[in-house]
Amino acid sequence: MPPRKKKPADQAELFTASTPKEIQAILWKAADKLRGSMDANQYKEFVLGLIFLKYVSDAFEERREQLAKELAEEGIAEDRLEEFLEDQDEYTGHHVFWVPESARWSSISANAKSGTVGEVLDQAMDAIMKANPSLTGVLPKIFNKDNVDKKRLAELVDLITDARFGGSDDKPAQDVLGEVYEYFLGNFARAEGKRGGEFYTPSSVVRLLVEVLEPYEGRVYDPACGSGGMFVQAAKFIEAHRGRSHKADISVFGQELNERTWRLAKMNLAIHGIDGNLAARWGDTFADDKHPDLKADYVMANPPFNIKDWARNESDPRWKYGVPPRGNANYAWLQHMISKLGERGTAGVVLANGSMSSQQSGEGEIRQALVDGDMVACMVALPAQLFRTTAIPACLWFLAKDKSPGGVKGQKAAAADRRGEILFIDARDMGEMVDRTERVLTDADLAKIAGTYHAWRGTTSAKDAGETYADVPGFCASADLKTVQEHGYVLTPGRYVGAVEAEEEDAEAVAEKISRLTTELYELFDKSDQLAKTVREQLGKIDD
């Protein structure tokens, strides 16, 4: 009897993995071995494309097994089973992508060691796109390129084949694969540093936007949607509060400038079972609005901060509150989102802190017009280091078209009348460090911030929880427009919430603050050293 072939170490580990997190870590470690001559962008597309392929195949097989059971229960003769099992409508009618036989994972896996694995995968991607028009131009066909290590690629296919995506806690394969996809997106964003911010927003920030806006039903829009994280979180919110069958209660609309990121977003929505309209192709939101007639109930976005090179048209009708300056698009984003809000629409936007107080190039006048127009509902100052991809401090703007008692969509009873008021929340001291450079908002932080907003607004969720609003020195304050005018229309929460009582600032908080400031100081020292080195090198070239 020949000796039994030993499985690779990663594969052996995978068989003993008992939680989705363990599976994610093992897959990441294995996939990382394929990095090499590939650039970061291509590598990301490569790995996420492979996971997507496994997802569509698994979903197809699940539906096929379910269909076979239904046919057996209906008494369909065995010789006719294949005819029904290969009926494309039986799959697409249940929101499952049709997967041609050659593209099914069983076929791919069987051919993984044939030496043509790259060709097989490219052909599978092509076949799935041809069979499903909504995926046209979305899937990557990059597996047969010369710079791909085919031996390691075959090993990775083997590994994904054996991964127990069903998990041990009865989670559907779709959920586990969705978590794997998100985990990989987050890791790619960290690996790419600043560029990672183009397609990924930290999950605790996305969760905060969603928890404040409470998008139970209606149209959800993100004009700079990246990889689609806002939509995925909105669907999770509905599932958690209303159940899985209510995910279709929201309609998703998005736009993305970058072609590769647009592809990732399309795959991300598909893998999470979300039917979204991200337009037929990518495009610039300012120059080529893909949803010109859209009126959304909720707008959520993390647009790029302080972009200087943008498609500015002074006569654009979106600039109702003033023409944004040429050198910064922050107020263009805000006004674009306002132009998309329906009658009771609300928006949550991540922007650089400078947007709350800048006076340059007419930004102060635009902010004044927004405040006087009663468009601003709430401002939140965020803690530092939430964004690994940028050191720029950030804040959240929450905008509302209607702050009257009837202005909150989907409420059982009248909300509080907040016309002429703005809620300020200073969350700069919240969150916890997960490593030396990255902070996250905890579940308790998210509940406190979102709960404060809902208590102030008098929403159903706050009433059900018995919460009422009161100013808390150092944390939150509700200010009328006259007070904001007296502050020169500066919207920095610290101006309004006042100082925390000395006895409330315990020693632990002080120690944490010292630790954060020390870390920031050392990072500035490193940057200074690097700049000095560069200057010396350049001066040396002049001397030569």
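Residues numbered from 1 in each chain as written. Predicted model: local features only at pLDDT ≥ 70, side-chain atom pairs only at ≥ 80, totals over all residues. Heavy atoms only, no water.

J.: Lay out the confidence of the model for the protein chain in plain terms, naming residues and giving numbers.
T.: Across the protein chain, the average pLDDT comes to 86, with 87% of residues at 70 or higher. Segment residues 1–6: pLDDT under 50, and zero contacts once partners within four positions in sequence are set aside and those in other chains are kept. The model gives residues 502–508 a pLDDT under 50, and that stretch makes three contacts with residues more than four places away or in other chains. (pLDDT = per-residue confidence, 0-100. Contact = heavy atoms within 4.5 Å.)

J.: Can you break down the packing of aromatic side chains residue by residue, with the values?
T.: Two descriptors summarise a pair of aromatic rings, namely the distance from one centre to the other and the angle between the planes of the rings. For the structure on display, the rule yields 19 aromatic pairs. When the centroid spacing of 4.5 Å and the interplanar angle of 50° are considered together, the rings of F286 and W333 count as tilted. Placement of the pair is F286 in the loop between β3 (276–277) and β4 (296–301) and W333 in helix α13 (residues 330–339), with a sequence separation of 47 residues. You can call F286 buried: its relative accessible area is 7%. Judged by its relative accessible area of 5%, W333 falls in the buried class. An aromatic cluster of three or more residues is present, and its members are F286, W310, W319 and W333. For R104, the ring lying beneath its charged end belongs to W98, and the centroid distance is 5.6 Å. Its end group placed over the ring of F475, K448 keeps NZ or CZ at 4.3 Å from the ring centre. (Phe/Tyr/Trp six-rings, centres within 6.5 Å; stacked < 30°, edge-to-face > 60°. Helix = DSSP H or I, 4+ residues; strand = E, 2+ residues; numbered from the N terminus. Buried < 20%, exposed > 50% of the residue type's maximum accessible area, 1.4 Å probe, protein only. Lys NZ or Arg CZ within 6 Å of the ring centre and 35° of its normal.)

J.: Talk me through the environment of R367; I want residue IDs and the actual numbers.
T.: On the secondary structure map, R367 appears in helix α14 (residues 363–372). Taking the C-alpha atoms as reference points, R367 and S357, 10 residues apart in sequence, are found 8.6 Å from one another. Within the structure, R367 has its side chain in polar contact with the backbone oxygen of S357 (distance 3.4 Å). (Polar contact = N/O pair within 3.5 Å; in protein donor to acceptor, adjacent residues only side chain to side chain.)

J.: Explain the nonpolar core to me, using residue names and the numbers behind them.
T.: The biggest cluster of nonpolar side chains holds 114 residues, and the ones touching the most others in it are I51, F52, L53, L121, F184, V380 and L396. Ignoring anything within four residues of it in the chain, the contact list for F52 reads F97, L135, L139, M267, A270 and I271. (Core = buried A, V, L, I, M, F, W, Y, C linked by side-chain atoms within 4.5 Å.)

J.: Quick one: what's the story with unusual backbone geometry, residue by residue and with numbers?
T.: Positive phi, normally seen in glycine, also occurs at E214, with a value near 50°. Relative to the helices and strands, E214 resides in the loop between α10 (203–213) and β1 (218–222). The phi angle at Q385 is positive, at roughly 70°, despite the residue not being glycine. Counting through the fold element by element, Q385 comes out in the loop between β6 (376–381) and β7 (394–400).

J.: If you had to explain the pairing of β6 to someone new, which residues and values would you point to?
T.: Within β6, six of the six residues are buried, leaving the element largely enclosed by the surrounding structure. Here β6 pairs with β7 via five bridges, running antiparallel. Bridge pairing links C378 to F398 in β7. (Pairing = 2+ DSSP bridges.)

J.: Could you give me a rundown of the packing of α10 against helix α15 (residues 443–457), with the residues and numbers involved?
T.: Contact pair α10 / α15: the axes reach a minimum separation of 9 Å and the direction vectors enclose 30°. When the interaxial angle is binned, α10 and α15 end up roughly parallel. In this structure, the crossing between α10 and α15 has a hand that is right-handed. Contacts between α10 and α15 involve S204, R207, L208, E211 and V212 from the former and D443, L446, I449, A450, Y453 and H454 from the latter. When grouped by side-chain class, the residues that make up the contact of α10 with α15 number six nonpolar, two polar and three charged. (Axes fitted to C-alpha atoms, helices over the stretch in contact; angles between N-to-C directions. Parallel < 35°, antiparallel > 145°, perpendicular 65-115°, else oblique. Left-handed = near helix turned anticlockwise from the far one by under 90°. Nonpolar A, V, L, I, M, F, W, Y, C, P; charged D, E, K, R; others polar.)

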